Amino acid sequence: MNKEKTALVIEGGGNRGVFSFGITDSFIKNHFDPFDIYIGVSNGVAVLCWYLIRESENNLEKMLYSASGDYINYKNIFLNKDIIKFHKLYKDGERMFKPSMEKIAQNTIGKKYISVVTDAETADAEYYAFDDNNLKDKESWMEIMIASGTLPFLVKTPSLISGRRKFDGGIADPLPVKKAYELGAKKIIVIRTYEKEFRRKIKLENYIGAYFSKEYPELRKALLTHDKTYNNALDFIHNPPSDCEIIQLCPPTRLKSKRDSKNISVLKADYELGKNIAENFLNNLSN
C-alpha cells in the first residue's frame, strides 16, 4: 500500500517571509518534518532551503541582512536598472551564509523539493525539483531560486533557465496547493503571508508590470488577471477534494511587514508572530 503523502507549501511575499521563517524555525527546533513534498514560491523557496538545511540559528538575521542592505532603489526607475537588485541580493547572501546543497540533498532523499517559476513566453507555471540531475549543484539551484522571485519591471536583469526567460512563480501559481495535491499529497500545510480572510485585488504594480511586459503578451495577460489566479487558488484551499486535508498557517491579521520593509523592529515582531503561530499549531497536534 502506498503511503499517503504530506506536503508543505510556502507562499512568497518578499520580506513578509520573515513570518514564514518564524514558523519553519519552530518546526526545526521541534524536529517537525512529516513532509514528503515541499513547494515554495519566490521567497518561500528560500525559506524552504534553510528549513531543509535544518539551520534555524540565524534565519532572522538573513532577513534583516536583506532589509538592511542596499538592494532596493526606486530611483532606478529612471535609469532602466534593477529597482530590486534581486540577483545581487541572492549572490551576496550565498557568500555570506553559505547554504549547503549537500544537506538539502541528504534531507530530501525520497522526497520532492520544488521551486515554482513562470515562463515569460507562455506564462505557464513550471515546477523545478531539486533532485533533477542538473539542479543539485549550488549554482544551478541558486538560479532557480532567483528566477522564482524575479518580478517583471522591478527586476531588469533577466533570469534565464535553458536559455528561456523566467519570472516570479507567484504570477502563474501563487499558492501551489493544487499542484501538491496532484503530486499525491492528501494532507497539505500551507504557510501564507496573508490572513485567512484575504482576497486578492488587482494591484497597481500588476498594471505597471503588464505595461512593461508588452514583448511577452501571455505574461501581460497573466499579470492583469492575477487576482483571479490567486483567488482560484484560495477557492481550492477553502474547498479541497474530499480526500484532502489542508491546514493554513496564517497571521491573524495583516502583517506589518511589507515586501520591501526595512524596519527592523517590525520584521522581528512578525518573525516572533510566526514562531508563536507554529508553537500553538504544534501544541494542538500533541494534544
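Refer to the structure above for everything that follows.
A brief look at the structure comes next. All values reported here derive from a predicted model rather than from experimental measurement.

## A look at the environment of Asp270
- Among the structural elements, Asp270 can be located in helix α11 (residues 264-286).
- For Asp270, a relative accessible area of 6% puts it in the buried group.
- Here the alpha-carbon distance between Asp270 and Ser20, two residues 250 residues apart in the chain, equals 9.0 Å.
- Look past the residues within four positions of Asp270 in its chain and what remains in contact with it is Val18, Phe19, Leu255, Lys256 and Ser257.

## Focus on the pattern of salt bridges
- Per the counting criterion, the structure on display carries 21 salt bridges.
- Between Arg192 and Glu11 there is a salt bridge, with the nearest N and O atoms lying 4.0 Å from each other. Linking Arg192 in the loop between β7 (185-191) and α8 (204-211) with Glu11 in the loop between β1 (5-10) and α1 (17-29), this pair joins segments that are 181 residues apart in sequence. Considered together, Arg192 and Glu11 belong to a single accessibility category, that of buried residues.

## Digging into the packing of helix α3 (residues 59-68) against helix α4 (residues 86-97)
- For the pair α3 and α4, interaxial distance at closest approach is 11 Å and the crossing angle is 140°. Between α3 and α4, the interaxial angle falls into the category oblique. Judged by the twist between their axes, the crossing of α3 over α4 is right-handed. Here Glu61, Lys62, Tyr65 and Ser66 of α3 come into contact with α4, specifically with Leu89, Asp92, Gly93, Met96 and Phe97.

## Topic: the environment of Arg259
- One can find Arg259 in the loop between β8 (245-249) and α11.
- According to the relative accessible area criterion, Arg259 is partly exposed, its value standing at 25%.
- Residues Arg259 and Gly110 lie 149 residues apart in sequence; the distance between their C-alpha atoms is 34 Å.
- Once you skip the residues sitting within four places of it in the chain, Arg259 turns out to touch Gly13, Gly14, Asn15, Arg16, Leu151, Leu154, Lys203 and Glu205.
- In this structure the side chain of Arg259 is engaged in a polar contact, spanning 3.0 Å, whose partner is the side chain of Glu205.

## Some words on the side chain of Asp25
- One can find Asp25 in helix α1.
- Although Asp25 is buried, it makes no salt bridge; Lys29 carries the closest opposite charge, 5.7 Å away.
- Excluding anything up to four places from it in sequence, Asp25 contacts Glu55, Ser56, Asn59 and Tyr271.

## Thoughts on the pairing of strand β2 (residues 37-41)
- Judged by how many residues are buried, β2 sits mostly within the fold: five of five residues are covered.
- Of the two faces of β2, the one carrying Ile37, Ile39 and Val41 and the one carrying Tyr38 and Gly40 are both buried.
- Where β1 meets β2, four bridges bridge the pair, whose relative direction is parallel. Among the inter-strand pairings, Leu8 is bridged to a residue of β2, identified as Tyr38.
- Between β1 and its parallel partner β2, the chain crosses via α1, and the hand of that crossover is right-handed.
- Direction of pairing for β2 relative to strand β3 (residues 112-119): parallel, over a ladder of five bridges. Paired with Tyr38 across the strands is Tyr113, a residue of β3.

## Details of unusual backbone geometry
- Non-glycine residue Asn80 carries a positive phi angle of around 55°.
- Of note, Asn80 is situated in the loop between α3 and α4.
- Although it is not a glycine, Ser162 adopts a positive phi angle of roughly 50°.

## Side note on the nonpolar core
- In terms of nonpolar packing, the biggest core is built from 59 residues, with Leu8, Phe27, Tyr51, Tyr113 and Leu249 touching the most fellow members.
- Take this core: its biggest share by element is nine residues, from helix α2 (residues 43-53).
- Ala7, Leu175, Ala180 and Ala233 belong to the second largest nonpolar core, which has 23 residues in total.

## Side note on the packing of aromatic side chains
- A complete count under the given rule lists 20 aromatic pairs for this structure.
- An angle of 50° between the planes, with centres 6.4 Å apart, marks the rings of Tyr65 and Tyr71 as tilted.
- The partly exposed category is assigned to Tyr65, whose relative accessible area is 24%.
- Judged by relative accessible area, Tyr71 falls into the buried class, the value being 7%.
- Taking 4.6 Å as the distance between ring centres and 25° as the angle between the ring planes, the aromatic pair formed by Phe153 and Phe212 counts as stacked. Linking Phe153 in the loop between α6 (138-148) and β5 (159-161) with Phe212 in the loop between α8 and α9 (217-224), this pair joins segments that are 59 residues apart in sequence.
- Relative accessible area serves as the criterion here: at 14%, Phe153 is assigned to the buried category.
- A relative accessible area of 45% places Phe212 in the partly exposed class.

Calculation criteria
Residues numbered from 1 in each chain as written. Predicted model: local features only at pLDDT ≥ 70, side-chain atom pairs only at ≥ 80, totals over all residues. Heavy atoms only, no water. Helix = DSSP H or I, 4+ residues; strand = E, 2+ residues; numbered from the N terminus. Buried < 20%, exposed > 50% of the residue type's maximum accessible area, 1.4 Å probe, protein only. Contact = heavy atoms within 4.5 Å. Salt bridge = Lys/Arg side-chain N within 4 Å of Asp/Glu carboxyl O. Axes fitted to C-alpha atoms, helices over the stretch in contact; angles between N-to-C directions. Parallel < 35°, antiparallel > 145°, perpendicular 65-115°, else oblique. Left-handed = near helix turned anticlockwise from the far one by under 90°. Polar contact = N/O pair within 3.5 Å; in protein donor to acceptor, adjacent residues only side chain to side chain. Lys, Arg positive; Asp, Glu negative; His and termini not counted. Pairing = 2+ DSSP bridges. Right-handed = clockwise from strand over helix to strand, strands pointing away. Core = buried A, V, L, I, M, F, W, Y, C linked by side-chain atoms within 4.5 Å. Phe/Tyr/Trp six-rings, centres within 6.5 Å; stacked < 30°, edge-to-face > 60°.

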